[in-house]
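Notes for the structure review
Listed here are the chains, written in short residue letters.
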Amino acid sequence: HLAAKEGILTGVSGGSTLTTAVEVAETAPEGLVILVMLPDTGERYLSTPLFEAIPAGMSEEEAALFASTR
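These numbers come from a predicted model, not from an experiment.

This part covers the overall build of the protein chain. Across its full length, the protein chain carries three helices and zero strands. The order of α-helices and β-strands along the protein chain, N terminus first, is α-α-α. Seen along its three principal axes, the alpha-carbon backbone of the protein chain occupies a region of about 40 × 30 × 20 Å. A buried classification covers 13% of the 70 residues belonging to the protein chain. Sequence separation of 24 or more characterises 62% of the internal contacts of the protein chain that already satisfy a separation of 6 or more. Taken as a whole, the protein chain presents about 5,900 Å² of accessible surface, with 59% of it coming from carbon and sulfur.

With the rule as written, the count across this model stands at one salt bridge. In this structure, the salt-bridge partner of Arg44 is Asp40, at a minimum N-O distance of 3.7 Å. Note on Arg44: relative accessible area 54%, which makes it exposed.

Mean pLDDT over the protein chain stands at 86; residues scoring 70 or higher make up 100%. In the model of the protein chain, helix α1 (residues 2–6) stands out as the element of lowest mean pLDDT, 80, in contrast to helix α2 (residues 12–27), which has the highest, 92.

Our focus in this paragraph is the side chain of Thr10. As for its position among the elements, Thr10 is in the loop between α1 and α2. Of note is the side chain of Thr10, whose polar atom sits 3.0 Å from the backbone oxygen of Asp40. With residues up to four places along the chain from it excluded, the contact list for Thr10 reads Leu2, Gly15, Leu38, Asp40, Thr41, Gly42 and Phe51.

Cut-offs applied
- Residues numbered from 1 in each chain as written.
- Predicted model: local features only at pLDDT ≥ 70, side-chain atom pairs only at ≥ 80, totals over all residues.
- Heavy atoms only, no water.
- Helix = DSSP H or I, 4+ residues; strand = E, 2+ residues; numbered from the N terminus.
- Buried < 20%, exposed > 50% of the residue type's maximum accessible area, 1.4 Å probe, protein only.
- Contact = heavy atoms within 4.5 Å.
- Areas by Shrake-Rupley, 256 points an atom, 1.4 Å probe, with all protein chains shown as cover.
- Salt bridge = Lys/Arg side-chain N within 4 Å of Asp/Glu carboxyl O.
- pLDDT = per-residue confidence, 0-100.
- Polar contact = N/O pair within 3.5 Å; in protein donor to acceptor, adjacent residues only side chain to side chain.

Printed below as a string of structure tokens:
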């Protein structure tokens, strides 16, 4: 979800870190600030089944967004 929907390419450690933070946030007092650091990158997982549903190329919309940030 992080890679496909949020553009954050992290690995298994990062995903589990974020999942734990979300669980903590669900019961945290209102107004509490929670900082989460994702400790790894997902590059090494790109050739595994974890990312097989994500297309290798950019869509026209993604390419336009990329071009607009250069």
